[in-house]
Amino acid sequence: FMEAISVVGLGKLGLCMAVCMAAKGNQVIGVDVDRSKIELINRRESPTNETGLENLLRNSHETLRATDDYQFAIENSDITFVVVATPSRADGSYSNEQVEAAMRSIGMALKAKEEFHVVALTSTVMPGTTENIVKPILESSSQRKCGSTFGLAYNPEFIAMGSVIHDFLNPDFILIGETDSKTGNRLAELYKNVCENNPPIARMGLTNAEIAKISLNCYVTMKISFANTLGQICERVPGADVDTITKAIGLDTRIGSRYLKAGLGFGGPCFPRDDRAFCFFAKTIGLEASLANTVDKVNLRQVQRIVELVERKSREEAKIALLGLAYKPNTDIVEGSQSIDMALELLRSGRQVSVYDSLATANARAALGDNVKYASTISDCLSGADICIVALPSDEFKKLKASDFAQNMKKGATLLDCWRLFKDFVFDEINYIGLGLGQSIQQ
């Protein structure tokens, strides 16, 4: 069972989807408006940094090609996935500009085609978008009726940056919002052949799937903010350890352990915006999503409380070493990174800031400019620091020893460990503070 597939939008998710489907033997045509990106892909060079992408792309000579020609892509495929950006607006809703442009081009290309064609929207959109905006655009530009000569689906992905390929091939479940059973069957069959873990498939109408997408991410952020609230409580109780508590309560299947981890708040290109979109959507139907609103407030508070702690523990001209700039380990993405927000706040308070991240430094420059020192090694970053903030639980930082901090930082300096990576170490010459551990954080 092999399909002819086109993927419109070759950003990080779109390209990873395309190479995964191509790796399973499907013929895939990638479509993008960026000529330089198309040329890189056709030379089998990855335009983006993502685990496993380079290898799959290199081995896709027979099954993947990229183009900017919609007509060619639609004529030579039976299923089209649309994975274009839907940036957040100031009010929290998503912009459909790129989705609408792509759908108009797809509709025009469908005019010349007789065979049944499936169009699946993967981009995150506001509930009601696929039915009320996408469907009319496709019908008017193709002059065809949805459900007769083409099918429409809302089919979002639940992936994490840094593990996109693994997550796409091994999803917890597949979500398909469909206009007709023929379209749903076609997509379900495709995923059965592409996924490696035989995931359950949830099939429903378009609007239910759109609400399910934003509500899932909203629920996950609630777990993160709950863990961070619990961590803050533990800090005021002698002997309390947030990891011991979350490990225990996570054993209850009603709660589960995933994302129940205290540390910095959530960031990245999905969680914060989906949380705000959920709040906006509730408002449009006359409700207040007070729980989601509070989750966002708790999340934003994490940065401020760490900055306040640093200000209490150091003089104004102190040197701060910040380990980790991305919003999470194993990625170069700094969008929504609380580490970047911390650096900016500390600079405003007059502190000198030295930063280190082996993947995200280039992207961080756009946000931080020349106001910080960009260290090329961890030792260089720590050198002469009054305070070190370990902002990411990355493998590189987990390998550090107590001596790495003691030998490079000032005597009597403070190590602020946001993820408790070093809570079992013995520190003689520096002060150790682990977020979420019962100790004198308030002093």
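Right above here is the structure, for reference.
Report on the accompanying structure. (Residues numbered from 1 in each chain as written. Predicted model: local features only at pLDDT ≥ 70, side-chain atom pairs only at ≥ 80, totals over all residues. Heavy atoms only, no water.)

## Regarding the pattern of salt bridges
Piece 1. On inspection of all chains with the given rule, the structure shows 29 salt bridges.
Piece 2. Residue Arg 186 pairs with Glu 3 through a salt bridge whose shortest N-O separation is 2.6 Å. On the criterion of sequence distance, the pair formed by Arg 186 in helix 8 (residues 181-194) and Glu 3 in the segment before strand 1 (4-8) is long-range, its members being 183 residues apart.
Piece 3. The partly exposed category is assigned to Arg 186, whose relative accessible area is 24%.
Piece 4. What makes Glu 3 buried here is its relative accessible area of 6%. (Salt bridge = Lys/Arg side-chain N within 4 Å of Asp/Glu carboxyl O. Helix = DSSP H or I, 4+ residues; strand = E, 2+ residues; numbered from the N terminus. Buried < 20%, exposed > 50% of the residue type's maximum accessible area, 1.4 Å probe, protein only.)

## Points about helix 5 (residues 97-110)
Piece 1. Counted at 1.5 Å a residue, the expected span for helix 5 with its 14 residues is 20 Å, and the 20 Å between its end C-alpha atoms agrees.
Piece 2. Residues Val 99, Ala 102, Met 103, Ile 106, Gly 107, Ala 109 and Leu 110 constitute the buried set of helix 5. When helix 5 is viewed along its axis, its buried side chains cluster within an angular range of 160° and face the same direction.
Piece 3. Considering only its buried residues, helix 5 is in contact with strand 1, helix 4 (70-75), strand 4 (79-82), strand 5 (117-121), helix 6 (129-142) and strand 6 (150-154). (Expected span 1.5 Å × (residues − 1). Arc of directions from axis to C-beta. Contact = heavy atoms within 4.5 Å.)

## What to know about the sheet that holds strand 1
Piece 1. Pairing in this open sheet of eight strands is mixed, and the strands run 3-2-1-4-5-6-7-8 from one edge to the other. Each edge of the open sheet carries a strand with a single partner, namely strand 3 (64-67) and strand 8 (201-204). Along the sheet, successive strands turn relative to each other by an average axial angle of 25°, direction set aside.
Piece 2. Running at roughly 145° to strand 7 (residues 174-178), helix 9 (residues 206-235) makes contact with strand 6, strand 7 and strand 8 of the sheet. (Pairing = 2+ DSSP bridges. Axes fitted to C-alpha atoms, helices over the stretch in contact; angles between N-to-C directions.)

## Concerning the packing of helix 12 (residues 290-313) against helix 13 (residues 338-348)
Piece 1. Interaxial distance between helix 12 and helix 13 falls to 10 Å at its minimum, and their mutual angle equals 40°. As summarised for this structure, helix 12 and helix 13 are arranged oblique, according to the angle between their axes. Crossing of helix 12 over helix 13 shows right-handed handedness. Together, Asn 299, Leu 300, Gln 302, Val 303, Gln 304, Ile 306, Val 307 and Val 310 of helix 12 and Gln 338, Asp 341, Met 342, Glu 345 and Leu 346 of helix 13 make up the contact between the two elements.
Piece 2. Its residues assigned to classes, the contact of helix 12 with helix 13 shows seven nonpolar, four polar and two charged. (Parallel < 35°, antiparallel > 145°, perpendicular 65-115°, else oblique. Left-handed = near helix turned anticlockwise from the far one by under 90°. Nonpolar A, V, L, I, M, F, W, Y, C, P; charged D, E, K, R; others polar.)

## Structural notes on the environment of Thr 179
Piece 1. Tracing the sequence through the fold places Thr 179 in the loop between strand 7 and helix 8.
Piece 2. For the pair Thr 179 and Leu 206, spaced 27 residues apart in the sequence, the C-alpha separation amounts to 6.8 Å.
Piece 3. Looking at Thr 179, its side chain comes within polar contact range of the main-chain oxygen of Leu 152, at 3.0 Å.
Piece 4. Of the polar contacts made by the side chain of Thr 179, one reaches the side chain of Asp 180; its length is 2.9 Å. (Polar contact = N/O pair within 3.5 Å; in protein donor to acceptor, adjacent residues only side chain to side chain.)

## A closer look at the packing of aromatic side chains
Piece 1. Under the counting rule described, the total for this entry stands at 10 aromatic pairs.
Piece 2. Judged by centre distance (6.0 Å) and plane angle (40°), the ring pair of Phe 425 and Phe 427 falls under tilted.
Piece 3. Residue classification places Phe 425 among the partly exposed positions, given a relative accessible area of 32%.
Piece 4. A relative accessible area of 15% means that Phe 427 is categorised as buried.
Piece 5. Aromatic ring contacts, followed pair by pair, group Phe 405, Phe 422, Phe 425, Phe 427 and Tyr 432 into a single cluster.
Piece 6. Sitting over the ring of Phe 116, Lys 182 keeps its end group 4.1 Å from the ring centre.
Piece 7. Over the face of the ring belonging to Tyr 374 we find Arg 365, whose NZ or CZ atom lies 4.1 Å from the ring centre. (Phe/Tyr/Trp six-rings, centres within 6.5 Å; stacked < 30°, edge-to-face > 60°. Lys NZ or Arg CZ within 6 Å of the ring centre and 35° of its normal.)

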